[in-house]
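The residues making up each chain are set out below.
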Amino acid sequence: MPRHLGVRIALVVIVVAVSIWYLYPPAKTINLGLDLQGGIHLVLGVDVDKAVEAQVERAGDTARAELEKRGIGVTRVERRGTAELTIQLASPQSWDAAVKTIDEVLPVFDRKEADQAAGRLGLALKPREVANIRDLAVRQGLETIRNRVDQFGVAEPSIQQQGENRILVQLPGVQDPARAKALIGKTALLEFKLVDERVDPETALRTGPPPGTEILYQRRVDKQTREERKVPFLVQKKAPITGRDVATARVSIDQNTSEPYVSVDFNAAGARAFSELTDANVGKRLAIVLDGNVHSAPQIRERIPSGRAQITGGFSTDEATDLAIVLRAGALPAPVQVLEERTVGPSLGADSIRQGIIAILASTALVFLFMLVYYRLSGLVADVALGLNLLLLMATMAGFHATLTLPGIAGIALTIGMAVDTNILIFERIREELRAGKTVRGAIDAGFARAFKTVIDTHVTVLVSGLILFQFGTGPVKGFAVTLMIGIAASLFTAVFFTRLIFDLIYMGQRKRETLSI
Amino acid sequence: MIELFRDPGFNFIGRRRWAYLISVLFILAGIGSMVAKGGLRYGIDFSGGTLIQVRFEKPVAVDRIRHALETVQMGESVIQEFGDDREYLLRLPLAQLSSEEVTRRTQEALAKDPELGKHEIRRVEFVGPQVGRDLQIQAIYAVLWSMAGILVYIAIRFDLLGGLASIAAIIHDVLVCLSAMSLTNREMSLAILAALLTIIGYSVNDTIVAYDRVRENRAKGARRKGEPFETQINNAINQTLSRTVLTALTVFFTTAVLYLFGGKVLEDMAFVLCIGVVTGTYSTIYIAGSLIVDWAGWRDRWVGKRKKVVAKA
């Protein structure tokens, strides 16, 4: 009588029951990768240095304002490189007061250069602060993108940090990838800047913009010819109101032109600033600038106390909707750049699933038949073990919420071929033991025992390369490593433990049996 | 009872020099083709660039597509039929254009040409230069690490010589796969790398089975009978031949099915797996089995010489 038969049967029953419980219903429990269900996989690089530069420039502005407030003349405040600042005083006489002020206002800077005679101070942002800003830029970027995606309405998006300054965005089932990408990648820095009309933009283009101003462009698309024109605007560099002052934004439709526009509500501080700005500049034009592009530059007719502005500019409904979303979610603290993109349309995903299923069914059928013909009853046992292996594989994937990708399907097909290898090793050994004159029972015992060591060896080598592949791989390829490793590990249970149990059950009590269907 | 080989007595090891010749010739052909084509072709995973898979509603000619792309200054794209004459892969090298711009221009160009009919963009892949370089380096590390892992495992389980011969067999298999890829004009991609790593882990399996048999026979007293090492290896290979071939056969079945029915996206990966399974079996016999005989021979002669030198001195 084989040992622990009851315990072993119970173990198999439990494993099968738990597997089915995890797996049911398969359509819901198996997580399909983007390459199978369609969707976008984006790796974004956050330009963290830009965030540092912006912070340094803001610090420079603060320092200049504070120095001037205290009556210390400043000729020039300039950022150098990423994290350095040069302050040129009007006269060296105010040196001591200036140094004291700067130490007060800019405690996060180290003094790099101090040329008292020339009245020049060189400052550098402390390295720890630089690291903080970079880290914050990535985390805020992540948060902002998550907000935007949530508002865009994608089911089960995945947005996570990858490495130091990369963000991985995965959006399953998105129908319009270009739109989703534009929405995610837009910096969405909204600025309101006064148009400087003292100098003609064309002149400024030739001579260079006067100090404190810059040239920005408006892109105008001709409705008939679809040709694009760039119209230059000379605007003041300083933006009195930005996207930070926006409380909310929504899409409205113009009653007259029935064109959509974005209506922006400022928060209290923004509303006050907007009211003051419009009051002081009636008759001038105010450029609404998004990510350095002028959207429109309406003339200020009167003071606007309501704290509400309209952004028009020939939007389509989608464009207006997306602009409202990014304005609500806020600007990215630093620009992002697409480093890697993999977009699969839903029809290709469906084709892949269909072909994958065919491939798996066909390879299962082929291997099933082969084992049955070659090893007869024992082959059938191996086939049942193979079925159990596939069940375990899928259940484990469901249990760990692993993702099934197209290469993952290849991994399953490969598992089918490799899982029966274990049985082949065992069966060939049993045949050999029989040829050597062992009894049926003796041959089974020796076959399983002797083959086991080899089986372990072969499993280890496949698992080693599987693990390395998993470590290395991205998305789809990782899916391959996952199915392969789970399948190979499961075959230890199915092809060794389970097959042995069935053999014991079949040949139990038949001590005198002389033939074995193998 | 069906038996593939009943008591086979092939003289594998004796004919090993022929096998070396075949292997070397095949790999040389592969290397020759790589050199002639300016190196192994890298897909966008490693080289960077943009790939667009587009399906038209009716059959179209490559020239027509190229003509359409030329209108948007994208005539230098590589245009490749994918499955049938309605589906194409367009590949653009890394350029100043962003992936959005490339996709937008392509769509615009294809939509503008009335002769092309309706189309659907089914897949867009863009890999930036940084990511491509990262992946290249990681790929090399992945291959080296898995070889190192296997070398250590076999060196511990058997001996260093066996480990080195197994690694030689693995390198042989990888080279054969790469040669076959170059000869059939296939590109190196992440999926191919996955296939190669799998082959690395799998092809060594049969080698282990054969080495295990050598050890078992020795325990039974093969060495006491004064059997030369060459015969020991040859016997072990023959005794394990049926399982070596059978295990490879089942895996070959599944990879062949994958190649035939798994769809165009998996085709290259399945191709490499097919080749890998075949060469993996071959290399067990002719590389891992044969090299260890030659190397053991050299070692013994060298040790023998040294002993003589020591004796004289």
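Here the residue numbers are simple positions, counted from 1 along each chain's written sequence. As a convention, the first chain written is A and the first ligand written is 1, with the rest following in written order. Per-residue local features are limited, in this predicted model, to residues with pLDDT of at least 70; the limit for side-chain atom pairs, both in listing and counting, is 80 or more; totals at the level of whole chains, interfaces and linings are taken over all residues.

### Some words on the overall build of chain B
Argument step 1. The number of helices and strands found in chain B is 10 helices and four strands.
Argument step 2. Throughout, the radius of gyration refers to the C-alpha atoms, and the reference size of a globule is 2.2 Å times the residue count to the power 0.38. Since a compact globule built from 313 residues should have a radius of gyration of about 20 Å, the 25 Å found for chain B marks it as more spread out than a globular shape.
Argument step 3. Taken along the three principal axes of its C-alpha coordinates, chain B extends 85 × 55 × 30 Å.
Argument step 4. Here a residue counts as buried when 20 or more other C-beta atoms fall within 10 Å of its C-beta, as exposed when 12 or fewer do, and as partly exposed in between; the C-beta atoms come from the backbone. For chain B, with 313 residues in total, the buried portion stands at 46%. Secondary structure is summarised from DSSP: a helix means a run of H or I of at least four residues, a strand means a run of E of at least two, and numbering begins at the N terminus for each.

### Description of the pairing of strand 2 (residues 39-46) of chain A
Residue and element names in this part refer to chain A.
Argument step 1. Among the eight residues of strand 2, eight are classified as buried, and the element is accordingly described as predominantly covered.
Argument step 2. In this sheet, strand 8 (residues 166-172) lies alongside strand 2 in antiparallel orientation, the contact comprising seven bridges. Across the sheet, Gly-45 pairs through a bridge with Arg-166, a residue of strand 8.
Argument step 3. Following DSSP output, two strands are said to pair if at least two bridges run between them. With eight bridges joining them, strand 2 and strand 18 (residues 336-344) adopt antiparallel strand pairing. When the sheet's bridge partners are listed, Gly-39 is paired in strand 18 with Val-344.

### Describing the interface of chain B and chain A
Argument step 1. If you look at the interface, chain B gives 58 residues, while chain A gives 57 residues.
Argument step 2. Those elements that place two or more of their residues in the side of chain B that touches chain A are helix 4 (99-112), strand 4 (119-127), helix 5 (129-157), helix 7 (190-220), helix 9 (241-261) and helix 10 (264-312) of chain B.
Argument step 3. Among the elements that line the side of chain B that touches chain A, the one with the most residues is helix 7 of chain B, at 13 residues.
Argument step 4. In this sheet, strand 4 of chain B lies alongside strand 18 of chain A in antiparallel orientation, the contact comprising five bridges. Contact between two residues is assigned when their C-beta atoms, built from the backbone, lie within 7 Å.

### Some remarks on the domain arrangement of chain A
Argument step 1. Residue ranges for the domains originate in an automatic or database domain assignment. When cut into domains, chain A gives domain 1 (5-38 + 345-507), domain 2 (45-171) and domain 3 (186-342).
Argument step 2. Averaged C-alpha coordinates put domain 1 of chain A and domain 3 of chain A at centres separated by 60 Å.

### Some remarks on the nonpolar core
Across soluble globular proteins, nonpolar side chains have a tendency to be buried as a group.
Argument step 1. A set of buried Ala, Val, Leu, Ile, Met, Phe, Trp, Tyr and Cys residues, joined through C-beta atoms within 7 Å, is what we mean by a nonpolar core. Ala-287 and Ala-413 of chain A together with Cys-177, Ala-194, Leu-196, Met-269 and Val-272 of chain B are the most contacted members of the largest nonpolar core, which totals 224 residues.
Argument step 2. Of the residues forming this core, the biggest block, 18 residues, is contributed by helix 10 of chain B.
Argument step 3. Residues contacting Cys-177 of chain B, with those up to four places away along its chain left out, are Leu-196, Ile-199, Val-272, Ile-275, Gly-276 and Thr-279 of chain B.

### Here's the deal with the sheet that holds strand 7 (residues 158-162) of chain A
Argument step 1. Within the open sheet, the eight strands sit side by side as 7(A)-8(A)-2(A)-18(A)-4(B)-1(B)-3(B)-2(B). Their pairing is antiparallel. The sheet is open, and its two edges are formed by strand 7 of chain A together with strand 2 (78-82) of chain B, each paired on a single side. For this sheet, the mean angle separating the axes of adjacent strands, direction not counted, is 20°.
Argument step 2. To get an axis, fit a line to the C-alpha atoms, keeping to the stretch in contact for a helix; angles then go from 0 to 180 degrees between the N-to-C directions. Where helix 7 (residues 177-185) of chain A meets the sheet, it contacts strand 2, strand 8 and strand 18 of chain A together with strand 4 of chain B, and its direction lies at approximately 25° from that of strand 2 of chain A.

### Focus on the pairing of strand 14 (residues 260-266) of chain A
Residue and element names in this part refer to chain A.
Argument step 1. Of all the seven residues making up strand 14, five are buried; the element is thus mostly covered by neighbouring parts of the structure.
Argument step 2. Bridge count for strand 13 (residues 246-253) against strand 14 is seven bridges, and the pairing is antiparallel. Directly across from Ser-252, in strand 14, lies its bridge partner Tyr-261.
Argument step 3. Between the antiparallel neighbours strand 13 and strand 14 lie six residues, among them Ser-258 with a positive phi of about 50°.
Argument step 4. Pairing analysis gives four bridges linking strand 14 to strand 17 (residues 308-311), with the strands arranged antiparallel. Looking at the pairing, Val-264 lines up with Ala-309 of strand 17.

### A short note on unusual backbone geometry
Residues and elements named next belong to chain A.
Argument step 1. In this structure, the amide linkage connecting Tyr-24 to the following residue, Pro-25, adopts the cis form with an omega of -10°.
Argument step 2. One non-glycine residue, Glu-156, adopts positive backbone phi at about 50°.
Argument step 3. Since 10 C-beta atoms lie within 10 Å of it, Glu-156 is described here as exposed.
Argument step 4. For Ala-188, which is not a glycine, the phi torsion comes out positive at approximately 65°.
Argument step 5. Along the chain, Ala-188 turns up in the loop between helix 7 and strand 9 (190-194).

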